[in-house]
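Residue-level structural notes
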There are 2 protein chains.
Amino acid sequence: MIQRVTFIGAGNLATQLGKALMKAGIDIVQVYSRTNRSAEALGAILHSPFTNKTEEIDLSSDLVLVALKDDAIGQVLDQVDLRECLIVHTAGSVPAGLLASYSKRYGVFYPLQTFSKIRDVDFSLVPLCLEASSAEILADLKELAAKMSASIYELSSDERKIIHLAAVFACNFVNHFYYLGERLLADNGLDFDLLKPLIKETAARVMAIKPYDAQTGPAKRYDEKIIENHLSLMTGNPELREIYLHMTKSIFQAHKKITE
Amino acid sequence: MIQRVTFIGAGNLATQLGKALMKAGIDIVQVYSRTNRSAEALGAILHSPFTNKTEEIDLSSDLVLVALKDDAIGQVLDQVDLRECLIVHTAGSVPAGLLASYSKRYGVFYPLQTFSKIRDVDFSLVPLCLEASSAEILADLKELAAKMSASIYELSSDERKIIHLAAVFACNFVNHFYYLGERLLADNGLDFDLLKPLIKETAARVMAIKPYDAQTGPAKRYDEKIIENHLSLMTGNPELREIYLHMTKSIFQAHKKITE
């Protein structure tokens, strides 16, 4: 059973995952971060000792949880002798096998969610995507995951990569459209609040209806008059026009293809 | 005071707006649609007489509400003598002035939301964007709007056009990314349910945090390794790659510009 966890990394994901683990009764024995300020900040939140020195990392815990940016994982782990540890990373795009060179006992504990330090997330609804180097470790990770979330998936590294890509579309790209919408309004003295009920409903709708069936608007029916009208509003912004045209064509293609 | 309303149009918007008006105690005196089946269906929902003949449209009401596709507005109204009527349309992109050729008393009643026939919307949260040919009519429309929603905006036709464009980004384009994410998962035997908590949180977050500050993910920091990895997953789909690259560049540009 995993009861004592060492954190390597103190960013947004580490902060939210640490809070959720603490709430689930797990003992966070230490927080390591490359910058002392981050280590201290998360240590304070988790009531844990902290360090920014790799040689001080507490390897006595049941699990070393690595929540670093993808590029930093190797850089940090190269400096630590993890051979006796169970280690997991929390990254969408990094294969589990990367950890094989550090320990025989390894896995992945990937929460599929977007995290910020200041906004707490309800982990009970977060899909936890697990992978492990053995059935025994998988069972331990599942037991740990079940303390936080009812949504647990066992997925391969290849499947996780696809999910991470899909998440970029459904979160990062979506958020950028919120931003572009907000800029359009702000440039014309209009308030982003206007869009909020629409944003909420657009997201709420696909909880119940397939995104394909939920599509509305001029692109779906290729309403040339409206599209021309919209393009004329973006003459000063060729990049935005380009994105608008790509999306409009992609929507039309998707709906033409299937209804034809 | 507007108490009796004639509906011209029976689509998604007409259905949801009709239900909301009925709930607000307004009398829907008649529903007209070009197809008898649509007129009958909405008539049944609103407990109203219906017709598909323009010469039978009931012009005795306090307001003729036109909820037709943009192109159809002129086609239908050309066949009706509306000179004695107060008429409004409900379209984002159509200038109020289009109605001036039919009556001196006209306006716009544009609910900024995405509507489907089957999914009921809480109108109390829907921004109602109003415009009118006179202060008196504006007051009447405001009074009517206030029976349904606490969110009332007086906006010019030019402002409404911008809002409609921003709504295409924040709703139609966003929904298409939900769809593309779902396709990516489905093509790999994975369930769209995986993405739902992320979609919810991404929308919920911008209710409290500015979209710019809410941005996360590889594009923001131009993480080349992840981006290359993602592109390699889309080699079979050049269109999707193109959209991915455009979005990634746009996100990076937006964040570079301001943080530099």
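Residues numbered from 1 in each chain as written. Chains lettered and ligands numbered in written order. Predicted model: local features only at pLDDT ≥ 70, side-chain atom pairs only at ≥ 80, totals over all residues. Heavy atoms only, no water.

**Things to note about the overall build of chain A**
Which entries qualify depends on this criterion: Where helices and strands are cited, they refer to DSSP runs of H or I of at least four residues and of E of at least two residues respectively, numbered from the N terminus. Exposure classes here rest on a 1.4 Å probe applied to the protein chains alone. A residue is buried below 20% of its type maximum, exposed above 50%, and partly exposed in between. The criterion used for residue contact is that any of the two residues' heavy atoms lie within 4.5 Å. Throughout, the Shrake-Rupley method with a 1.4 Å probe supplies accessible areas, and for residues the shown protein chains are the sole cover considered. Under the convention used here, Asp and Glu are negative, Lys and Arg are positive, and both His and the chain ends fall outside the count. In plain terms, the charge of a residue is placed at NZ if it is Lys, CZ if Arg, CG if Asp and CD if Glu.
Of the regular secondary structure elements, chain A holds 9 helices and 8 strands. Across the 260 residues of chain A, 58% fall into the buried class. Summarising the internal contacts of chain A: among those between residues at least 6 apart in sequence, 52% fall at separations of at least 24. For chain A, the accessible area works out to roughly 10900 Å², and carbon and sulfur atoms hold 48% of it. One finds the centroid of the 28 positive side-chain charges in chain A at a distance of 4 Å from the centroid of its 32 negative side-chain charges.

**Some words on the packing of aromatic side chains**
Heads up, the condition is: The criterion for an aromatic pair is that two Phe, Tyr or Trp rings (for Trp, the six-membered ring) have centres within 6.5 Å, with stacked assigned to planes under 30 degrees apart, edge-to-face to planes over 60 apart and tilted to the rest.
What the rule picks out here adds up to 17 aromatic pairs over all chains. Between A:Tyr244 and B:Phe169 the ring centres are 6.1 Å apart and the planes differ by 55 degrees, which places this aromatic pair in the tilted class. With A:Tyr244 in helix 9 (residues 238–259) and B:Phe169 in helix 5 (residues 157–187), the pair connects residues from two separate chains. Given the relative accessible area of 1%, A:Tyr244 is considered buried. Taken together, A:Phe169, A:Phe173, A:Phe177, A:Tyr244, B:Phe169, B:Phe173, B:Phe177 and B:Tyr244 form an aromatic cluster joined through their ring pairs.

**Regarding the confidence of the model for chain A**
Here is the rule: Predictor confidence is given residue by residue as pLDDT, running from a minimum of 0 to a maximum of 100.
For chain A, per-residue confidence averages 95 on the pLDDT scale, and 98% of positions sit at 70 or higher. Both confidence scores are given for the complex: pTM 0.93, ipTM 0.94.

**Re the sheet that holds strand 3 (residues 50–51) of chain B**
All names here are of chain B. The following threshold applies: Two strands make a pair as long as DSSP finds a minimum of two bridges between them. To get an axis, a line is fitted to the C-alpha atoms, and for a helix only the part in contact is used. The angle between two axes follows their N-to-C directions and goes from 0 to 180 degrees.
The 8 strands are arranged 3-2-1-4-5-6-7-8 in an open sheet whose pairing can be described as mixed. Where the open sheet ends on each side, the last strands, each with one partner, are strand 3 and strand 8 (152–154). Helix 5 rests against strand 5 (87–89), strand 6 (106–111), strand 7 (128–132) and strand 8 of the sheet, and its axis sits at about 20 degrees to strand 6.

**Some remarks on the nonpolar core**
The criterion, for reference: Definition of nonpolar core: a set of buried residues of the types Ala, Val, Leu, Ile, Met, Phe, Trp, Tyr and Cys, connected through side-chain atoms within 4.5 Å.
Grouped together as the largest cluster of nonpolar side chains are 126 residues, with contacts concentrated most on A:Phe169, A:Phe177, A:Leu195, B:Phe169, B:Phe177 and B:Leu195. In this structure B:Phe177 touches A:Phe169, A:Phe173, A:Val174, A:Phe177, A:Met247, B:Ile243 and B:Met247, once residues within four positions along its chain are discounted.

**Overview of the relation of the copies chain B and chain A**
Our working rule: Copies are brought into register by a least-squares superposition over C-alpha atoms of residues with pLDDT of at least 70 in both.
When chain B is brought onto chain A, the operation consists of a screw motion whose angular component is 180 degrees and whose axial shift is 0.0 Å, with 0.0 Å RMSD remaining. Those values place the two copies in the arrangement expected of a two-fold rotation axis. Minimal C-alpha separation from the rotation axis in chain B is found for B:Val174, amounting to 2.6 Å.

**Structural notes on the interface of chain B and chain A**
Note on interface size: it is often stated as the accessible area lost on association of the parts. Operational definition: Put simply, buried area is how much 1.4 Å-probe accessible surface two parts lose in total, over both of them, once they are put together. Salt bridge, as applied in this entry: a Lys or Arg side-chain nitrogen positioned within 4 Å of an Asp or Glu carboxyl oxygen.
Contact residues are listed per partner, giving 90 residues for chain B and 90 residues for chain A. Counting each side, the surface lost to burial between chain B and chain A is near 8800 Å², with a carbon and sulfur contribution of 70%. Considering only the side of chain B, the residues that lose the most area to chain A are B:Arg119, B:Phe169 and B:Leu194, jointly responsible for 8% of the buried surface there. Where chain B touches chain A, the interface holds 4 salt bridges.

**Considering the pattern of salt bridges**
The final tally for this structure, using the stated rule, is 20 salt bridges over all chains. One salt bridge connects B:Asp193 with B:Lys196, and the closest N-O pair in it is separated by 2.9 Å. If you follow the salt bridges from partner to partner, you end up with A:Glu182, A:Arg183, A:Asp187 and B:Lys210 in one network.

**Focus: the environment of A:Tyr178**
For A:Tyr178, the position within the fold is in helix 5 (residues 157–187). A residue is classified by how much of its surface remains accessible, and A:Tyr178, at 0% relative accessible area, is buried. Taking the C-alpha atoms as reference, A:Tyr178 lies 37 Å from A:Val5; in sequence the two are 173 residues apart. Beyond its immediate stretch of four places on either side in the chain, A:Tyr178 contacts A:Phe192, A:Ile199, B:Ala170, B:Val174, B:Tyr178, B:Thr202, B:Ala203, B:Val206 and B:Pro211.

**Notes on the packing of helix 5 of chain A against helix 6 (residues 196–208) of chain B**
Applicable threshold: Comment on the angle field: the value is read as roughly parallel under 35 degrees, roughly antiparallel over 145, roughly perpendicular from 65 to 115, and oblique elsewhere. Crossings are assigned a handedness: left-handed for a near helix turned anticlockwise from the far helix by less than a right angle, right-handed for a clockwise turn. Under the grouping applied here, Gly and all other residues not named as nonpolar or charged are polar, the nonpolar ones being Ala, Val, Leu, Ile, Met, Phe, Trp, Tyr, Cys and Pro and the charged ones Asp, Glu, Lys and Arg.
It is at 9 Å that the axes of helix 5 of chain A and helix 6 of chain B come closest, and there the two elements cross at 20 degrees. As summarised for this structure, helix 5 of chain A and helix 6 of chain B are arranged roughly parallel, according to the angle between their axes. The handedness of the crossing between helix 5 of chain A and helix 6 of chain B comes out as right-handed. Packed against helix 5 of chain A, whose contacting residues are A:Ala167, A:Ala170, A:Cys171, A:Val174, A:Asn175 and A:Tyr178, the element helix 6 of chain B presents B:Leu198, B:Ile199, B:Thr202, B:Ala203 and B:Val206 at the interface. Split into classes, the residues belonging to the contact of helix 5 of chain A with helix 6 of chain B amount to 9 nonpolar, 2 polar and no charged.

**Digging into the environment of A:Leu144**
Residues and elements named next belong to chain A. Along the polypeptide, leucine 144 turns up in helix 4 (residues 135–146). Taking relative accessible area as the criterion, leucine 144 reaches 2% and is therefore assigned buried. Along the primary structure leucine 144 and alanine 24 are separated by 120 residues, whereas in three dimensions their C-alpha atoms are 8.8 Å apart. Once residues within four sequence positions are removed from consideration, leucine 144 is found in contact with Ile2, Leu21, Ile26, Leu63 and Phe109.

**Thoughts on the environment of A:Ser61**
All names here are of chain A. Formally: Any N or O atom pair separated by 3.5 Å or less is treated as a polar contact, with the protein-specific requirement of one donor-capable and one acceptor-capable atom, and with residues adjacent in sequence counted only for side-chain atom pairs.
As for its position among the elements, serine 61 is in the loop between strand 3 (50–51) and strand 4 (63–66). Spatially, the C-alpha atoms of serine 61 and isoleucine 73 are 19 Å apart, while their sequence positions differ by 12 residues. Apart from the residues within four sequence positions on either side, serine 61 is in contact with Arg4, Val5, Thr6 and Val29. In terms of polar contacts, serine 61 uses its side chain to reach the side chain of threonine 6, at 2.7 Å. Side-chain polar atoms of serine 61 contact the backbone oxygen of leucine 63, separated by 3.2 Å.

**Digging into the sheet that holds strand 2 (residues 27–32) of chain A**
Residues and elements named next belong to chain A. Read from one edge to the other, the open sheet built from 8 strands follows the order 3-2-1-4-5-6-7-8, with strand pairing classed as mixed. A single partner strand is all that each edge strand has here, and the edge strands are strand 3 and strand 8 (152–154). Across 3 bridges, the pairing between strand 5 (residues 87–89) and strand 6 (residues 106–111) is parallel. Pairing of histidine 89 across the sheet is with valine 108, part of strand 6. Running at roughly 20 degrees to strand 6, helix 5 makes contact with strand 5, strand 6, strand 7 (128–132) and strand 8 of the sheet.

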